[in-house]
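Survey of secondary and tertiary structure
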Protein chains: 2
Amino acid sequence: MPEKPKRIKPRLLKGFSDFLPERMLARRNLIEIVRTVYERYGFMPLDTPALEYLETLTGEYGANSAKEIYAFEDRAGDHVALRYDLTVPLARIIAQYPDLPKPFRRYQFSPVWRFDKPGPGRFREIWQFDVDTVGCAKMIADAEIIGAIVDCLKALGVERFHVRYSNRKLLNALIGYAGIESGRAHDVFRVLDKLDKAGLENVKLELGPGRVDKSGDPIKGLGLDGGPIGKIDEFLSITGKTRTEIVTNLRALFGDAKEANEAIDELAEIDELLTAAGIDDTHVKIDVSVARGLDYYTGPIFEAILDDLPKFGSVFGGGRYDGLVQRFMGQAIPAVGTSVGIDRLLAALVELGSVHAPRTTVQVLVTTMDKKRMADYQILTRELRDAGINTELYFGKAGQIGKQLQYADRVGIPLAVIAGSDEFDKGEVSVKNLHEGREMSEQAEDRQSWLQARFGQETVPREKLTKFIREAFAAR
Amino acid sequence: MPEKPKRIKPRLLKGFSDFLPERMLARRNLIEIVRTVYERYGFMPLDTPALEYLETLTGEYGANSAKEIYAFEDRAGDHVALRYDLTVPLARIIAQYPDLPKPFRRYQFSPVWRFDKPGPGRFREIWQFDVDTVGCAKMIADAEIIGAIVDCLKALGVERFHVRYSNRKLLNALIGYAGIESGRAHDVFRVLDKLDKAGLENVKLELGPGRVDKSGDPIKGLGLDGGPIGKIDEFLSITGKTRTEIVTNLRALFGDAKEANEAIDELAEIDELLTAAGIDDTHVKIDVSVARGLDYYTGPIFEAILDDLPKFGSVFGGGRYDGLVQRFMGQAIPAVGTSVGIDRLLAALVELGSVHAPRTTVQVLVTTMDKKRMADYQILTRELRDAGINTELYFGKAGQIGKQLQYADRVGIPLAVIAGSDEFDKGEVSVKNLHEGREMSEQAEDRQSWLQARFGQETVPREKLTKFIREAFAAR
């Protein structure tokens, strides 16, 4: 016999989450909606391993984030790491399978791991849903990614949102325009990316002398002086009522600067493509303050904002990164995509009250009144399952029917089948609607949406049970 | 500007796999079928983190497999590990959330990681689909898990298979019956578990003096002598035409030995429960040679075998493990479940020819003949997508229609929409059926199953396009 094991405290790793059934059902709902939209656009599923060679994941982009990577030496002595995002593995895929048809449109729903400082809403295991088009340099690819974001948010029942976009080349042009040396560009972008959270004044302080944050910690400034900061301020104040108006205002500011005009042309082209696809200024705006922190962006950049949760930050973020695949190949391959953290998005939808998932997928509980009739309960259960009805057979002690109904109610099962020996002998069973007569709680409302039963308890002939229950769920 | 990055060879870690779109679609098909069956039985989804404290994963059971665990120290100095299975995390969940309703029936589809010797069909990242019932000591829980396995395999289109079951307590009784000291029980079970792959004679050698395997490596024997081995042989030769007959034969062999009778009663009870649920001897048999390698089983054990792929070994495997949760709690909580490696199962289904997944989920390619009409192509694309049709807009160079159709054909898109300026002006578009007139390849057959179009190429009024295409896919 094995020795008595010591008792281990059951606990989660810090920064990690369990997904219990109710949360899983809400998540699945969301994932299915996003997946359906992505497939409408012609994207196909892909999956890659959680572990990669460390070398695969690090490099130009990884260098900035290396300290957040879960890296270790495996038992064979290989330096490996948990993937940090889904973009670098995609770049590897493109290089490793040159025969993949291009453009390659794929989505991937997978966790990534980052050794971030954990906090409210900040986790170390993040389920991302990415969508990317690789091998197309045209702005139509960018416009379709933006269109897919718009469609996702609409399909999720969010009405008040907007996608805002800009262009990394415009920011590069700004660096020149403001007279900042190009080597400092990415530092400037990372400060600009804080605009939403920190506000303009704080951003200006971080570009300049630095500041002290809320908790009293000093934030080192970039040390720019008034001239460049004034130019940046001037740039950030460019707005307009429509995308077209902003394009006009940008042209006025930058004159004939080459890189700026390339960027502005791209902004204008995306505007036209979106307009052709029926996506107007309500849901997609040009916003020159969009910066996106990542180094690898080379063209359009964009992010989605929930208008009623501005503090939440962006829910989708992405852009064009034409250089990333080059790390693995001799040649550059154009690519554009977006990423969304599914659990952050779910948290936002919960806050907006637009999550309507059932608490359980079980539709019927077959209660057990008489333990001598277990075979009958089983036959009944099998019949319902064979008819496609999700059915749980009560496993607890037979008899105490009140306790069984309480259990069904607690876990959210809408219907219970009840039959004792008398009923079986008479060829009858009862069906109890556990929703009927209850307060319309949020959950009950969700159940109501697919349970059409309009009765409290009803006795039905045994042979008509399946038909009766099927009809009670007819709306499904 | 960042320095030019060095070129990195794109490669997978040894023992890991990429899942390109075609494979993902086949997998998803399979996963959806399994999930639907599990939900019919009332199981609910659960997910847990990939990383856990090493201490959580190791212990009585982990001790045997510790060398296969991906363990490391994280940046905070915590000893962590990638989960090795989904059973230990479930045990943690049960202990950590005592308010979860019992019995707790959950399924989980997640990868696990094992530093195994990689080889054909052996991977280090394994996607498992587990289903377990925790908190029910009755045999009905075991019978339902077996029933779910049967339903899964039937739903997957496998006809020739069987689930065979036995009981760990029967094996414990065998140890006593054969006069082997109880401390050697698990060693004996691990040898018996090889019966299928190694055959009876080799198993007898491994129980006794040892043997040399095919590659010439010596396998150390347990050193049992003729007496115990003879008893084991006698036990293994117990068969019967029906489950009931085997129960009778077992009772005859063991007489009134207590543990044996407990086990035989359980075998008999599962037999009765399965019979009541309409599952006869065809698909579920009692087989006393079933051993299952894992130490933690305490009662019924079972596995599913594909009759046409006997060499493949078991596809589902599981059993009752009433002691595992105890590691985290003062008290034992009964539990029973099964696990299936989804990619091994998929490989088996491919070999059996019972995988019918489409190569792509894209239904329509909107080709682009005239680049001045891009807005029209976009409007057309949006219209189809809004109607729920998965539509790809061709992103390559406009004009060369042959190349575009070739692309659609290559990736498996069944319909192409074709329109040039003339057609647009006349208010017409053409729809080409890329399936029509081709050889019925395996893929084409799959496409045929949901594409009902009976035409080669047809010109339709522009405003009727969506309706026309919807009808072409009417069977979906």
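Source: prediction; values computed, not measured.

A few points about the overall build of chain A
When you go through chain A residue by residue, the secondary structure sums to 18 helices and 18 strands. Each principal axis of the C-alpha atoms in chain A carries an extent, and together these give about 90 × 60 × 55 Å. Going through the 476 residues of chain A one by one, you find that 45% of them count as buried. Considering only contacts in chain A between residues 6 or more positions apart, those separated by 24 or more positions represent 67%.

Topic: the interface of chain B and chain A
Many authors give the size of an interface as the accessible area that is lost as the parts come together. In this complex, chain B contributes 79 residues to the contact, which on the side of chain A involves 79 residues. Tallying contributions element by element places helix α1 (residues 21–40) of chain B first for the side of chain B that touches chain A, with six residues. Considered class by class, the residues forming the side of chain B that touches chain A number 44 nonpolar, 13 polar and 22 charged.

Some details on the environment of A:Lys204
Residues and elements named next belong to chain A. Of note, lysine 204 is situated in helix α9 (residues 200–207). Note on lysine 204: 21 C-beta atoms within 10 Å, which makes it buried. The spatial distance from the C-alpha of lysine 204 to the C-alpha of aspartate 233 is 8.1 Å, given a sequence separation of 29 residues. When neighbours within four sequence positions are excluded, lysine 204 is seen to be in contact with Ile229 and Asp233.

Re helix α5 (residues 139–155) of chain B
All names here are of chain B. Over its 17 residues, α5 extends 24 Å from the first C-alpha to the last, a length consistent with the 24 Å expected when each residue adds 1.5 Å. With respect to burial, α5 is a largely interior element, 15 of its 17 residues being buried. Glycine 157 lies just past α5 and shows a positive phi near 85°.

Describing the relation of the copies chain B and chain A
It takes a turn of 180° to lay chain B on chain A, together with a shift of 0.0 Å along the axis; the resulting RMSD is 0.1 Å. The superposition operator between the copies reduces to a two-fold rotation axis. Closest approach to the rotation axis among the C-alpha atoms of chain B is made by B:Phe72, whose C-alpha sits 3.2 Å away. Both copies share a contact surface, since 100% of the interface residues of chain B are interface residues in chain A too.

Considerations on the sheet that holds strand β2 (residues 51–53) of chain A
Residue and element names in this part refer to chain A. Across the sheet, three strands lie side by side as β2-β4-β3; this open sheet has antiparallel pairing. The sheet terminates laterally at β2 and β3 (71–73), the two strands that pair on one side only. Taking each pair of neighbouring strands and ignoring which way they run, the sheet shows an average axis angle of 35°. Of the pairings in the sheet, the one linking β3 to strand β4 (residues 79–82) comprises three bridges and is antiparallel in character. Paired with glutamate 73 across the two strands is histidine 79, which belongs to β4.

Points about the pairing of strand β5 (residues 104–113) of chain B
All names here are of chain B. Counting buried positions along β5 yields eight of 10 residues, so the element is predominantly enclosed. Relative to β5, strand β1 (residues 44–45) runs parallel, the two sharing two bridges. The residue bridging methionine 44 from the neighbouring strand is arginine 106, located in β5. Across 10 bridges, the pairing between β5 and strand β6 (residues 125–134) is antiparallel. For valine 112, the partnering residue across the bridge sits in β6 and is isoleucine 126.

Description of the sheet that holds strand β17 (residues 428–433) of chain B
All names here are of chain B. The five strands lie next to each other as β15-β14-β16-β17-β18, forming an open sheet whose pairing is mixed. With partners counted over all chains shown, the strands left at the sheet margins are β15 (391–393) and β18 (457–461), one partner each. Sheet twist, expressed as the average angle between the axes of neighbouring strands with direction ignored, equals 25°. Where strand β16 (residues 415–418) lies against β17, four bridges are found, and the strand directions are antiparallel. Opposite alanine 416, over in β17, you have lysine 432 as the bridge partner.

Observations regarding unusual backbone geometry
For residues that are not glycine, phi is negative in most cases, and the peptide bond is trans in most cases. Cis geometry is adopted by the peptide bond preceding A:Pro103, which originates at A:Lys102 and carries an omega value of -5°. Tracing the chain through its elements places A:Pro103 in the loop between α4 (87–96) and β5 (104–113).

Concerning the nonpolar core
A:Ile146, A:Ile149, B:Ile146 and B:Ile149 are the most contacted members of the largest nonpolar core, which totals 217 residues. Contact partners of A:Ile146, with chain neighbours within four places excluded, come to A:Val163, A:Tyr165, A:Leu274, A:Val284 and A:Phe302.

With respect to the confidence of the model for chain A
Residues and elements named next belong to chain A. In this model, chain A carries a mean pLDDT of 90, and residues with pLDDT of at least 70 account for 93%. Segment residues 437–449 is flagged for pLDDT under 50; beyond a separation of four residues in sequence, or across chains, it makes 15 contacts in the model. In the model output, the complex is listed with pTM 0.91 alongside ipTM 0.91.

Remarks on the packing of helix α5 (residues 139–155) of chain A against helix α12 (residues 258–276) of chain A
Residues and elements named next belong to chain A. Taken N-terminus to C-terminus, the directions of α5 and α12 make an angle of 55°; their axes are 9 Å apart at the nearest point. One finds that α5 runs oblique with respect to α12. The interaxial crossing formed by α5 with α12 has right-handed handedness. In this structure, α5 contributes Met139, Ile140, Asp142, Ala143, Ile146 and Gly147 to the contact, and α12 contributes Glu266, Glu269, Ile270, Leu273 and Leu274. Looking at the contact of α5 with α12 residue by residue, the class counts come to seven nonpolar, one polar and three charged.

Some remarks on the packing of helix α9 (residues 200–207) of chain B against helix α10 (residues 226–236) of chain B
Residues and elements named next belong to chain B. Running from N to C, α9 and α10 point in directions that differ by 150°, and their axes come no closer than 10 Å. One way to sum up the angle between α9 and α10 is to call them roughly antiparallel. The chirality of how α9 crosses α10 is right-handed. Of the residues in α10, those touching α9 at Leu200, Lys204 and Leu207 are Ile229, Ile232, Asp233 and Leu236. When its residues are assigned to classes, the contact of α9 with α10 shows five nonpolar, no polar and two charged.

A short note on the pairing of strand β4 (residues 79–82) of chain B
Residues and elements named next belong to chain B. For strand β2 (residues 51–53) and β4, the ladder comprises three bridges, and the chain directions are antiparallel. Paired with glutamate 52 across the two strands is alanine 81, which belongs to β4. Where strand β3 (residues 71–73) folds back on β4, the antiparallel hairpin that results is connected by five residues, among which glycine 77 adopts a positive phi of roughly 85°.

Comments concerning the environment of A:Ala81
All names here are of chain A. You can see alanine 81 is positioned in strand β4. The exposure class of alanine 81 is buried, given the 22 C-beta atoms found within 10 Å. When the C-alpha positions of alanine 81 and aspartate 187 are compared, they lie 27 Å apart, and in sequence the two are 106 residues distant. If we ignore the near neighbours within four places in the chain, the residues touching alanine 81 are Glu52, Leu54, Leu57, Ile69, Tyr70 and Ala71.

Comments concerning the environment of B:Gly341
Residue and element names in this part refer to chain B. Tracing the backbone through its elements, the reader meets glycine 341 in strand β13 (residues 335–341). Sequence separation between glycine 341 and phenylalanine 109 is 232 residues, and the spatial gap between their C-alpha atoms is 9.6 Å. Every residue in contact with glycine 341, bar those within four places of it in the chain, is listed here: Ile126 and Gln128.

A few points about helix α6 (residues 168–177) of chain B
Residues and elements named next belong to chain B. With eight of 10 residues buried, α6 lies mostly within the body of the structure. Residues Arg168, Lys169, Leu170, Leu171, Ala173, Leu174, Ile175 and Tyr177 constitute the buried set of α6. Phi turns positive, to about 70°, at glycine 179, one or two residues after α6.

Analysis parameters
- Residues numbered from 1 in each chain as written.
- Chains lettered and ligands numbered in written order.
- Predicted model: local features only at pLDDT ≥ 70, side-chain atom pairs only at ≥ 80, totals over all residues.
- Helix = DSSP H or I, 4+ residues; strand = E, 2+ residues; numbered from the N terminus.
- Buried ≥ 20, exposed ≤ 12 C-beta atoms within 10 Å, placed from the backbone.
- Contact = placed C-beta atoms within 7 Å.
- Nonpolar A, V, L, I, M, F, W, Y, C, P; charged D, E, K, R; others polar.
- Expected span 1.5 Å × (residues − 1).
- Least-squares fit on C-alpha atoms with pLDDT ≥ 70 in both.
- Pairing = 2+ DSSP bridges.
- Axes fitted to C-alpha atoms, helices over the stretch in contact; angles between N-to-C directions.
- Core = buried A, V, L, I, M, F, W, Y, C linked by C-beta atoms within 7 Å.
- pLDDT = per-residue confidence, 0-100.
- Parallel < 35°, antiparallel > 145°, perpendicular 65-115°, else oblique.
- Left-handed = near helix turned anticlockwise from the far one by under 90°.

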